Amino acid sequence: MSALVHLAQEEQNPLLPAIPEIVIGLLAFAIVFSFLAKKLLPNINKVLDERREAIEGGIAKAEEAQTEAQEVLEQYKAQLSEARHEAARLRQEAQEQGAALIAEMRAEGQRQREEIIAAGHTQIEADRKQAAQALRQDVGKLATDLAGKLVGESLEDSARQSRTIDRFLDELEEKAEATR
């Protein structure tokens, strides 16, 4: 029997399994494959489909969010541009109003200056006339006193005195105008 076992061992190739083992292995493989194909594979496909849909939905949501963000950015840029234009317009208006106010204040200052100068000229003219009148009276009084002393008689008569003073001052004015 040992020769028979030995002969059976020599006939069998170690790389090829025995036929009953191949049949049992194929049946086991078919059972496991059918179990996996009917029970496990649909669950795996279902999970993979859900993940794919979630990923595709996430991508779609991301694209929508990106589109919305882009629209918001464009609106923001438009509002910012509008705000800059408005600020520039307000700045321009303020500069124009400031220039107009400065021109108005200069004109008012010029008008007030001219009024003050005119009032000063009027006051100076009035003061000059008053000083000339007072000087005329004082010079007339001095001239009358001097003339009275030279003539030796009193020139107290006011009509005579007034005529003498006027004549004397007129002569002085004529001499002053002649020397000019």
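These notes cover the structure that comes with them. (Residues numbered from 1 in each chain as written. Predicted model: local features only at pLDDT ≥ 70, side-chain atom pairs only at ≥ 80, totals over all residues. Heavy atoms only, no water.)

Brief notes about the pattern of salt bridges
Argument step 1. On inspection of all chains with the given rule, the structure shows seven salt bridges.
Argument step 2. Between Asp49 and Arg52 there is a salt bridge, with its nearest N and O atoms 2.8 Å apart. With Asp49 and Arg52 both in helix 2 (residues 19-151), this residue pair falls three residues apart, about one helical turn.
Argument step 3. Residue classification places Asp49 among the partly exposed residues on the basis of a relative accessible area of 33%.
Argument step 4. Measuring nitrogen to oxygen at the nearest pair gives 2.3 Å for the salt bridge that ties Glu108 to Arg111. Taken together, the residues Glu108 and Arg111, both in helix 2 and three residues apart, mark about one turn of the helix. (Salt bridge = Lys/Arg side-chain N within 4 Å of Asp/Glu carboxyl O. Helix = DSSP H or I, 4+ residues; strand = E, 2+ residues; numbered from the N terminus. Buried < 20%, exposed > 50% of the residue type's maximum accessible area, 1.4 Å probe, protein only.)

Thoughts on the layout of surface pockets
Argument step 1. In this structure, the largest pocket spans a volume of roughly 210 Å³.
Argument step 2. Forming the boundary of the largest pocket are Lys129, Ala132, Gln133, Leu135, Arg136, Val139, Leu169, Leu172 and Glu173.
Argument step 3. When contributions to the lining of the largest pocket are tallied by element, the ones reaching two or more residues are helix 2 and helix 3 (158-179).
Argument step 4. Ranked by residues supplied to the lining of the largest pocket, first place goes to helix 2 with six residues.
Argument step 5. The residue inventory of the lining of the largest pocket, partitioned by class, reads five nonpolar, one polar and three charged. (1 Å grid on protein atoms, 1.4 Å probe; cavity = no way out; pocket = protein on both sides within 12 Å on 5 of 7 lines; lining within 4 Å. Points joined across faces, edges and corners; volume = space filled by probe spheres on them. Nonpolar A, V, L, I, M, F, W, Y, C, P; charged D, E, K, R; others polar.)

As for a negative patch on the surface
Argument step 1. Taken together, the side chains of Glu63, Glu64, Glu68 and Glu71 present a region of like negative charge at the surface.
Argument step 2. Assignment of secondary structure puts Glu64 in helix 2.
Argument step 3. Assessed through its relative accessible area of 56%, Glu64 is described here as exposed. (Patch = residues over 30% accessible without salt bridge, like charges linked within 9 Å, V, L, I, M, F, W, Y side chains within 5 Å. Areas by Shrake-Rupley, 256 points an atom, 1.4 Å probe, with all protein chains shown as cover. Lys, Arg positive; Asp, Glu negative; His and termini not counted. Charge placed at Lys NZ, Arg CZ, Asp CG, Glu CD.)

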